[in-house]
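Observations on chain architecture
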Amino acid sequence: MTNKNNQRNIILTILGVVLFCFYVFKPISAVSPTPAPDTETENATSSSITEEKIKEFRDYAKEEVSKIKEKIEKRAYVGTIIQITDSTLTLENFRGKRRVRLAEETTIIATNKKEIKAKDLALEDKVIAMGTMGSNEILEAVRVVVTKPTVNPSENTISLGIIISVNAKTSRIKFSDVKNQTEIEIKVEKETKIMQYPASSLKFSDLEENQKIIVVHPKAKEAELPLAKSIYLLP
Amino acid sequence: MKKEVLLAIIIGFGIGLVATFGLYSARKTIGGSYQIYSPVPEGKNEQVANLPIDLSLSLSSPLDESISKDPKTKVSGSTSPSTWVVIFSEKEEKLMKSDEKGQFETEVALISGENEIEVTALSESGNTIKKIITVVYSTVEI
C-alpha cells in the first residue's frame, strides 16, 4: 500500500515538474509593430487576401511579359533590297544588312496596294518587312510592303547659343554657338517655328540680344546661309 | 522516499526542458518560412548619384525596328540630369528637359508605315548625342 502511494506520489511529482517547466520556459513572442491576428479566422482571411494579391500580381506580370515578348518577337525591317535568293531577301539600311525569309503564306503588297508575288520584287526596291524574329536574326516575314523610296531629308543641326544681334530688315539673327565659340548667322522665315520653352508660341520680334536659344536647322550647303527650322527661347 | 522524489524532480525537469526546446525550435523554423524578402535591394537609387556626368543617351521605348498598332508611341529613356532633349518624328518636333535623374518621357504621333524617330540630347556646353529608332505603324495583324 505504502509502495503504491509512493509510486503515485512520484508520478504526480514528475507531472507537476513537467507542467511547471512548460509554463516557465514557454517561448515568448517578440512585440511586433504590426499586431498579429489572434484567431484562426483572421489568419484564414489574411491568408486568402494575400493569395488573391499574389494571384493578381502574377496575372499582371504574365500579361506584361507576354506583351514584351510579342513586341520583341514581332519586328519590322525597313530597307532597300540588295539581294534576292529563292526565299530570302537581303535588305540594307543605315544599321547594316538585314535578312528576311519569305514563305508561301507571306503577303507581298506593291506600291499600288495590290498583292504581288515574290518574283515581282526587284533589287533597289524599298520594302517594309513585318514578321516574327527567327533564328540568326532572320525575320520570318508575314507581310512585305513595297514603299516609295524616300528622299533622305538633310540632317538637322542643333545648336545652343546666345543671341548677339537680331536684324528685322533681313530676318536674320546672329548667335554665338556655345560649343564652338563661333558666331553663326541664320535666316528666319515664316515657316520657322519660334517657341518659348516649354510651350508658348513667339514672334520674330520677341527675339532679343543675350537671349539663350536652341536653334534647329538643316545642314546648309557651302556659302549658303542656314535656314532656321525652329528656335526655342530658353528660360 | 526523499531520494526517489529528488530523482523524479530532476527527471521531470529534464523532460520539460527537452520538450520546451523542441517546441521552440519547431516554431522558429515554421515562422522563418513566412519571411518575405524584398526583390529590390535597399539603397539602389543612391547609385544614380554616382553616374558619370558625361553626356549619355539610352532609349527604353519604343524598341528599334518594332511594330506599333497605335497611332502614337511613348518615347522614353535616360540621359544626363537636366539635359535638353530634342525629338523629331515624322509628324512633329519636341523639346523637353530630362529630370534630375536624367529620365525623360513623351508621346509622339506616328504616320502609317515607316516612322524614323530621332532623339538628340544637348548638354549645357552644347555637346550633342543622337539616336535614331524605326517604328512601323501598322494595324494589320502580324
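Criteria and cut-off values
Residues numbered from 1 in each chain as written. Chains lettered and ligands numbered in written order. Predicted model: local features only at pLDDT ≥ 70, side-chain atom pairs only at ≥ 80, totals over all residues. Helix = DSSP H or I, 4+ residues; strand = E, 2+ residues; numbered from the N terminus. Buried ≥ 20, exposed ≤ 12 C-beta atoms within 10 Å, placed from the backbone. Contact = placed C-beta atoms within 7 Å. Pairing = 2+ DSSP bridges. pLDDT = per-residue confidence, 0-100.

**Topic: the overall build of chain A**
Across its full length, chain A holds 2 helices and 14 strands. The burial tally for chain A puts 17% of its 235 residues in the buried class. Sequence-distant contacts, at least 24 apart, represent 48% of the contacts inside chain A between residues at least 6 apart.

**A look at the pairing of strand β11 (residues 193–196) of chain A**
As a general feature of sheets, a regular strand has side chains that alternate between the two faces. All names here are of chain A. Pairing geometry for β11 and strand β14 (residues 230–233), over 4 bridges, is parallel. From the neighbouring strand, K193 faces β14, where its bridge partner is S230. With 2 bridges connecting them, β11 and strand β12 (residues 200–201) associate as antiparallel partners. Note on β12: the bridge partner recorded for M195 is S201. Counting the residues in the hairpin turn of β11 and β12 gives 3 residues.

**Looking at the confidence of the model for chain B**
All names here are of chain B. Per-residue confidence for chain B gives a mean pLDDT of 80; residues scoring 70 or more make up 76%. Across chain B, element-level confidence peaks in strand β6 (residues 103–109) with a mean pLDDT of 97 and bottoms out in helix α1 (residues 2–32) with 70. In the model, residues 29–52 has pLDDT below 50 throughout and makes 1 contact with residues more than four positions away in sequence or in other chains. The ipTM, which scores confidence in the relative placement of chains, is 0.70 for this predicted complex, and the corresponding pTM is 0.68.

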